[in-house]
Amino acid sequence: MGLPPDPAADDSALLQSLLSAFPDSGIVGATANHELTVVSPPSLIPDLLQWLRDGVTPPYRMLADLTAVDLFPREPRFEVVYHLLALDHGQRVRIKTRVSADAPVVPSVVFLWPAAGMLEREVFDLFGIQFAGHPNLKRLLMPNDWQGHPLRKDYPVEGER
Amino acid sequence: MTLNMGPQHPSTHGVLRIILQIDGETVLRAEPDIGYLHKGIEKSCENLLYAQVVPLTDRIDYLAPMSNNLVYSMAVEKLLGLEIPERAQWLRVLLVELTRINNHLVWLATTGLELGAMSVFLYCFREREEILNLFELCSGQRMMTSFIRPGGLALEPPREFYPRLRAFLETMPSRIDEYEDLLTENRIWIARTRGVGTLSADDAIAYSLTGPNLRASGVQFDLRKQSPYCSYEKFDFEVPTRSEGDCYARYIVRIEEMRQSLRIIDQALRGLPEGPVKADAPGVVLPDREKMKTDMETLIYHFKIVVDGFKPPAGEVYLPIESPKGEVGCYLVSDGTEKPARMRWRGPSLFNVQVLEKLLPGHLISDAIAILASIDFVLGEVDR
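Everything in this summary refers to the structure shown in the same document. These numbers come from a predicted model, not from an experiment. (Residues numbered from 1 in each chain as written. Chains lettered and ligands numbered in written order. Predicted model: local features only at pLDDT ≥ 70, side-chain atom pairs only at ≥ 80, totals over all residues. Heavy atoms only, no water.)

### Quick notes on the overall build of chain A
Each helix and strand in chain A was counted, giving three helices and seven strands. The helix and strand sequence of chain A, counted from the amino end, reads α-β-β-α-β-β-β-β-α-β. The C-alpha radius of gyration computed for chain A amounts to 16 Å, which stays within 12% of the reference 15 Å derived for 161 residues, consistent with globular compactness. Over its C-alpha atoms, taken along the principal directions, chain A stretches across nearly 50 × 40 × 30 Å. Residue burial in chain A is summarised as follows: out of 161 residues, 55% are buried. Long-range pairs, those at least 24 residues apart, make up 50% of the contacts in chain A with a sequence separation of at least 6. (Helix = DSSP H or I, 4+ residues; strand = E, 2+ residues; numbered from the N terminus. Rg over C-alpha atoms; globule rule 2.2 N^0.38 Å. Buried < 20%, exposed > 50% of the residue type's maximum accessible area, 1.4 Å probe, protein only. Contact = heavy atoms within 4.5 Å.)

Encoded structure:
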């Protein structure tokens, strides 16, 4: 096939230990395309990611990516997606959280990984999602005085002019 | 004093602006300001068919175009659940390793140039010419090849490609020896790079560095070995790692990687299996080009695929590969239509630029040039 090997059977084991570490929290998980995706409420994100980084064996030490998806017109509209990587055997997990357009705020994880600094700025710039606790949340790619958030689905691809 | 290392600067490897707070010649604080090369690729992809995205991927990391093609094609193939024939996989490995050498040659050339070794620049580009000629032979394009596409390769490489590649493999090892002769034990090179820009393994992980930057800091992590993709498990090669984490270590790691890439290409060339270079995927893969020129049904079929595209099932994948600069990941979200709902490009260059805020303070401005050069980023990938 040429694709990376299937994740170990640990995937469902990870989900089980996650659910027992955070009981009654609204966390759900599923595996699709050989990838485990966990959906969590926004407030739980820092604790959940810290638990994955420090409290699991193997530890998911690296934040591979932090991004967002606009699912307009579905509500809640935005999905903030975190990809974590465990360096020991290359396992990965995807954590998602959903926020709506009226209150697009997610706690920042920059205190866990400094790499999140620019990643959260980019999501703020292109989607308009705020990251509570980020020390320097300003636009990254667009000019500082730009109006609008280009990667939102209701933003035209040619730009508003 | 605040010094602007502005977007137009010969040593920033592209349109990167770094706002430096300096005291005399020592950097106190460095803030990268990016976005000068933002082309809106991710936004554009949401309005293009899956096959139309391939030429855009070339232009993200324009020094390693085949690598980018590969990561996107594999992401689409994962969504579709396609089986890629062995010959296509081996050729992909061959071309991507050639791309790795290409990238490292440009890196070495520009790093040498920054630090004053102009001959290295000219020698590396001489070798790069041959690689670009090989790419042109395959795909018609020197740089933006768009050769690796969802389903396999665009075409079977021409017959002349293989003997020419073999000739390149014969001469290249001695050329790498030449570069090493010029630099590795050179007192000026060592003075400018040893102990400069030291990054610990913990910091490298905290800043999500991958690829040669991570391996030069002592973390032996290479996706080709850790989670082999595209038949990499069939090849015998080593992953160079150093523990010092300074610019010199990054230089040694990349030189060694070039040699290992030559090894992989040699094995690929010797053991290349026979077979098709496109998957058996009606509706996704274009039919045989020669047949298309004479057979009406094939032409209609070709037309339908080009104009209508294909609809992968709804879902999402994150597909990482070991590209020359680090881990490139394509996070592709499909909503069941013929256009991607989201194509997120996780490029290592953004992390490489971000780590500058950690690396530059405490060094002299001239060290800043050495660090910028050794970290290896390309602004197309930083800004997309």
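### Section: the overall build of chain B
Within chain B, the secondary structure is distributed over 17 helices and eight strands. Whereas a compact globule of 384 residues would reach a radius of gyration of roughly 21 Å, chain B reaches 21 Å, a difference of no more than 12%. Evaluated residue by residue, chain B yields a buried proportion of 61% over its 384 residues. For chain B, the exposed area adds up to about 13,600 Å²; of that, 53% sits on carbon and sulfur atoms. Taking the average location of the 43 positive side-chain charges in chain B and that of its 53 negative ones, the two points are 2 Å from each other. (Areas by Shrake-Rupley, 256 points an atom, 1.4 Å probe, with all protein chains shown as cover. Lys, Arg positive; Asp, Glu negative; His and termini not counted. Charge placed at Lys NZ, Arg CZ, Asp CG, Glu CD.)

### Observations concerning helix 3 (residues 65–80) of chain B
All names here are of chain B. In this model helix 3 runs 23 Å from its N-terminal to its C-terminal C-alpha over 16 residues, within 8% of the 22 Å that 1.5 Å per residue would give. Counted residue by residue, helix 3 has 15 buried out of 16 residues, so it is predominantly covered. Residue Gly-81 follows helix 3 closely and has a positive phi angle near 75°. (Expected span 1.5 Å × (residues − 1).)

### Brief notes about the environment of Leu155(B)
All names here are of chain B. By the secondary structure assignment, Leu-155 is in the loop between strand 5 (152–153) and helix 6 (161–183). For Leu-155, a relative accessible area of 39% translates into the label partly exposed. Here the alpha-carbon distance between Leu-155 and Gly-245, two residues 90 residues apart in the chain, equals 41 Å. What Leu-155 contacts, discounting residues up to four positions off in sequence, is Phe-147, Val-277 and Arg-289.

### Some points on the pattern of salt bridges
Once the charged atoms of two side chains with opposite charge are near each other, the side chains can pair. Residue and element names in this part refer to chain A. Scanning the entire structure with this criterion turns up 51 salt bridges over all chains. Arg-98 serves as the salt-bridge partner of Glu-79, at 2.9 Å between the closest nitrogen and oxygen. Here Glu-79 is found in strand 4 (residues 78–86), whereas its partner Arg-98 is found in strand 5 (residues 91–99), with 19 residues between them in sequence. Given a relative accessible area of 4%, Glu-79 falls into the buried group. (Salt bridge = Lys/Arg side-chain N within 4 Å of Asp/Glu carboxyl O.)

### So, the pairing of strand 4 of chain A
All names here are of chain A. The element strand 4 is extensively covered by neighbouring structure, given that nine of its nine residues are classed as buried. Because side chains alternate across strand 4, one face comprises the buried residues Phe-78, Val-80, Tyr-82, Leu-84 and Ala-86, and the other comprises Glu-79, Val-81, His-83 and Leu-85, equally buried. Bridge count for strand 4 against strand 5 is nine bridges, and the pairing is antiparallel. Among the inter-strand pairings, Ala-86 is bridged to a residue of strand 5, identified as Gln-91. The hairpin turn running from strand 4 into strand 5, its antiparallel successor, is four residues long, and Gly-90 in that turn takes a positive phi close to 75°. (Pairing = 2+ DSSP bridges.)

### Side note on the interface of chain B and chain A
Reports of interface size often rely on the accessible area that becomes lost once the parts have come together. Every contact between the two is made by 54 residues of chain B and, on the other side, 48 residues of chain A. Around 4,100 Å² of area is buried between chain B and chain A when both sides are counted, 56% of it from carbon and sulfur atoms. Along the contact surface separating chain B from chain A lie 10 salt bridges. In this structure, Arg384(B) engages Glu122(A) in a salt bridge whose closest nitrogen and oxygen atoms are separated by 2.8 Å. Along the contact surface separating chain B from chain A lie 25 residue pairs in polar contact (both at pLDDT 80 or more). If one sorts the elements of the side of chain B that touches chain A by residue count, strand 6 (residues 315–323) of chain B sits on top with five residues. Its residues assigned to classes, the side of chain B that touches chain A comprises 28 nonpolar, 12 polar and 14 charged. (Buried area = accessible area lost by both parts, 1.4 Å probe. Polar contact = N/O pair within 3.5 Å; in protein donor to acceptor, adjacent residues only side chain to side chain. Nonpolar A, V, L, I, M, F, W, Y, C, P; charged D, E, K, R; others polar.)

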